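# Fold and contact review
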Amino acid sequence: SEAGEEKDLVIIGGGVAGYVAAIKAGQEGFKVACIEKRGSLGGTCLNVGCIPSKSLLNNSHLYHQILHDSKSRGIEVGDVKLNLSQLMKAKEQSVTGLTKGIEFLFKKNGVEYVKGTGSFVDEHTVKVDLNEGGETTLKGKNIIIATGSEATPFPGLEIDEKRVVSSTGALSLEKVPESLVVIGGGIIGLEMASVWSRLGAKVTVVEFLGQIGGPGMDTEISKTAQKILKKQGIDFKLNTKVVSGDTTGDKIKLEVDAAKGGKPETLEGDVVLVAIGRRPYTEGLGLENIGLDVDERGRVVIDSEYRTKHPHIRCVGDVTFGPMLAHKAEDEGLAVVEYLKKGYGHVNYGCIPAVMYTHPEVAWVGQTEQDLKSQNIAYKVGSFPFSANSRAKTNADAEGIVKVIADAETDRLLGVHIVGPGAGEMIAEGTLALEYGASSEDIARTTHAHPTLSEALKEAAMATYNRAIHF
Ligand code: FAD
Ligand code: NAI
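A brief look at the structure comes next. Predicted, not measured: the structure shown is a model, and the values here were computed from it. (Residues numbered from 1 in each chain as written. Chains lettered and ligands numbered in written order. Predicted model: local features only at pLDDT ≥ 70, side-chain atom pairs only at ≥ 80, totals over all residues. Heavy atoms only, no water.)

## Overview of the site of ligand 2
- In the vicinity of ligand 2 there are 23 residues, among which Ile-188, Glu-191, Glu-207, Gly-277 and Val-355 approach most closely.
- One of the backbone N or O atoms of Ile-187 is found 3.3 Å from an oxygen atom in ligand 2.
- At a separation of 3.4 Å, an oxygen atom of ligand 2 approaches a polar backbone atom of Met-324.
- Expressed as a share of its isolated accessible area of 850 Å², the protein-covered part of ligand 2 is 79%. (Near = heavy atom within 4 Å. Polar contact = N/O pair within 3.5 Å; in protein donor to acceptor, adjacent residues only side chain to side chain. Areas by Shrake-Rupley, 256 points an atom, 1.4 Å probe, with all protein chains shown as cover.)

Dropping the structure here:
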C-alpha cells in the first residue's frame, strides 16, 4: 500500500469481528484495508479457538464412542488406537482451509490485507510494522478497532504452553497427559477437559463458583450437565479457589482453598490449564496517542453505535463490551459497517445464543431462571427430557433436558435452555423464536418433523401452558 494513501476504512485486527467488517465494507464499495499481525486471518476463533477446539472435540468424541459405545450398536472393531499427531493434523487442516478461505474472500471483495502490527499515530493515521520487515502508514477516514482478547493469566503461574497452558497450549499438547488440572470450570475449561479426558487423561476441574459453565448458564441445566460429565470421568471441585501453584517438581502442585469452610488441599497434575476467562487485548495499539481510554476491565469504551469518543473510530468484538463470542463479534462487524454506510445497524444483545460443545452439548438463549428470580419477573417453565424423545432414544443418546421459560402472564418466550444431543443446532430455533417475540404456544403449535430431536423443544414449549404428550 502507498504510504499515506487514504482509505475509506482501516480495520485493525483480522479476527471474526474485523474480517467480517472488512468483507462487508468491500461489498458496500468502501476502499478498505485490514491489518492483521498473526500471519493468518480469522483471529482467535479460527486459529486457536472455536475451530481447532471443535475439531478436537468432534474427533475425540468419535474415538471415545468407538472405544466405549459401539459394541451394543452392533459394531465390533479391532484394535482401536489413538494417533494424536494425526488428530492434530486433522485439526490443522480444518484451520488452514478456513483461514485461506478468508484470504480468498478478501480478494474477491477487494479488501487489502496488510500483514503486520498496527498502532495509532494520530486519529486518522495507523502505522504498521510489517511482518516481513519495514513499516507502512495507512490513513483512514474511518477506523475500526477489532483487536480481540487474550487469556487472563493466573498470578504466580507462568504459562509456558507446555506444562502450564492456556487454551492455545491445550489445543496442541504433544502427548496425552496422565493428569490434567483445569483452573476454571467455564466453557473453555469444560471443552478442553472433555477432549483430554476422552483421550485418556485423568481430569480435575477446579471452579471458584458453585456451578460449572459460568454464571450465565441456567443452574438446573448446569447441574444436569455436571452429572453427565462426571459420569464420563471428569472430577469437579466447586466452590474452590486455586490460591497458588508450584511448578518446580515433576508434577505441578496447586494449593486450593474450599470457599465454604473446607480444608485447604494440594492438587497435582502433569499439565495445568489456566482457563479463568479472557481479557481485552490492546497492547501496542497506541491508544494513548489518541487519548482513548479503556475501562477497569480493559475494554475500549464505546457508545451504542460502536463509536469511541472520536466518532470516526469505532470498535467491535471481544475488545469491547458484551459476551466474548464469535457470532456476537461477527454480527457487530456487520452492524458497524451498516452504521458507516447507512447510519443504522442492529444487534439484539438480549438474543445471543451460547453453546458449550461438550457431549452432550449445552446451549441457551435469553434469560435463566436465576436471572428472572433476581428481577422478580413471574415466569413459567416447561421441561422435556430427551429420554422421552423418540429420536434420542433410537440413537441411544438420550441424556439431558430441554427447558422453555415463558412469561407467566403473556406466555412470551423468555429463555430456552438445553443440555442434550444436538443442543447447539437446536438452539437456533429458540433464538429465532425469541428474536421474533414468539410465545411458547407459537413454538408448540408449529409442526416439527418426526422423528427429530427438535420435537423435544416443541414438547417443552407445550409443557409451559399445558402438558407434553410423551412425558
Ligand atoms: P479475535 O478473534 O481475538 O481477533 C483479533 C485479531 O486482532 C487477532 O488475530 C490479533 O492477532 C489481531 N490483532 C490484535 N492487535 C493487533 C494489532 N495491533 N495489529 C494487527 N492485528 C492485531 N466463540 C464462539 O462463539 N464459539 C466457540 O466455539 C468458541 N470457542 C472458543 C474456543 C477457545 C479455545 C477460545 C480461546 C475462544 C473461543 N471462542 C468461541 C471465542 C471467540 O474466539 C472470540 O469471541 C472471537 O474470536 C472474537 O473475535 P474478535 O475478532 O473480536 O477477536
Ligand atoms: P469463563 O469466564 O467462561 O470461565 C472462567 C471460569 O473460571 C469462571 O467460571 C470463573 O468462576 C472461574 N475462575 C476464575 N478464577 C478462578 C480461580 N482462581 N480458581 C477457580 N476458578 C476460577 O472463561 P473461559 O472459559 O476462560 O472462556 C473465555 C471466553 O471464551 C468466554 O467468554 C467464552 O464465552 C469464550 N469461549 C466460548 C466458547 C464457546 O462458545 N463454545 C468456547 C470457549 C471459549
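That shown, we press on.
## Side note on the site of ligand 1
- Of all residues adjacent to ligand 1, which total 38 residues, the nearest are Glu-36, Thr-44, Lys-54, Asp-318 and Ala-326.
- Within the side chain of Lys-54, a nitrogen or oxygen atom sits 2.7 Å from an oxygen atom of ligand 1.
- Met-324 is positioned such that a nitrogen or oxygen atom in its backbone is 3.3 Å from an oxygen atom of ligand 1.
- Against a free-state accessible area of 1,000 Å², the protein chains account for coverage of 95% of ligand 1.

## Some thoughts on the nonpolar core
- Counting 52 residues, the largest nonpolar core has Ile-11, Ile-35, Phe-106, Phe-120, Ile-144, Ile-145 and Tyr-306 as its most contacted members.
- Looking at this core element by element, the count peaks at 8 residues for helix H1 (residues 16–27).
- In contact with Phe-106, other than residues within four places in its own chain, are Tyr-19, Ala-22, Ile-23, Cys-34, Leu-41, Val-111 and Tyr-113.
- Leu-87, Met-192, Trp-196 and Ile-221 belong to the second-largest nonpolar core, a separate cluster that totals 39 residues. (Core = buried A, V, L, I, M, F, W, Y, C linked by side-chain atoms within 4.5 Å. Buried < 20%, exposed > 50% of the residue type's maximum accessible area, 1.4 Å probe, protein only. Helix = DSSP H or I, 4+ residues; strand = E, 2+ residues; numbered from the N terminus. Contact = heavy atoms within 4.5 Å.)

## A look at unusual backbone geometry
- Cis rather than trans, the peptide bond between His-359 and Pro-360 has omega equal to 0°.
- Take Pro-360: it is sitting in the loop between strand E17 (354–356) and strand E18 (361–366).
- The amide bond that connects His-450 to the next residue, Pro-451, takes the cis arrangement and shows omega of -5°.
- As for its position among the elements, Pro-451 is in the loop between helix H12 (440–444) and helix H13 (455–465).
- Although it is not a glycine, Asn-239 sits at a positive phi angle of roughly 50°.
- One can find Asn-239 in the loop between strand E10 (235–237) and strand E11 (240–246).

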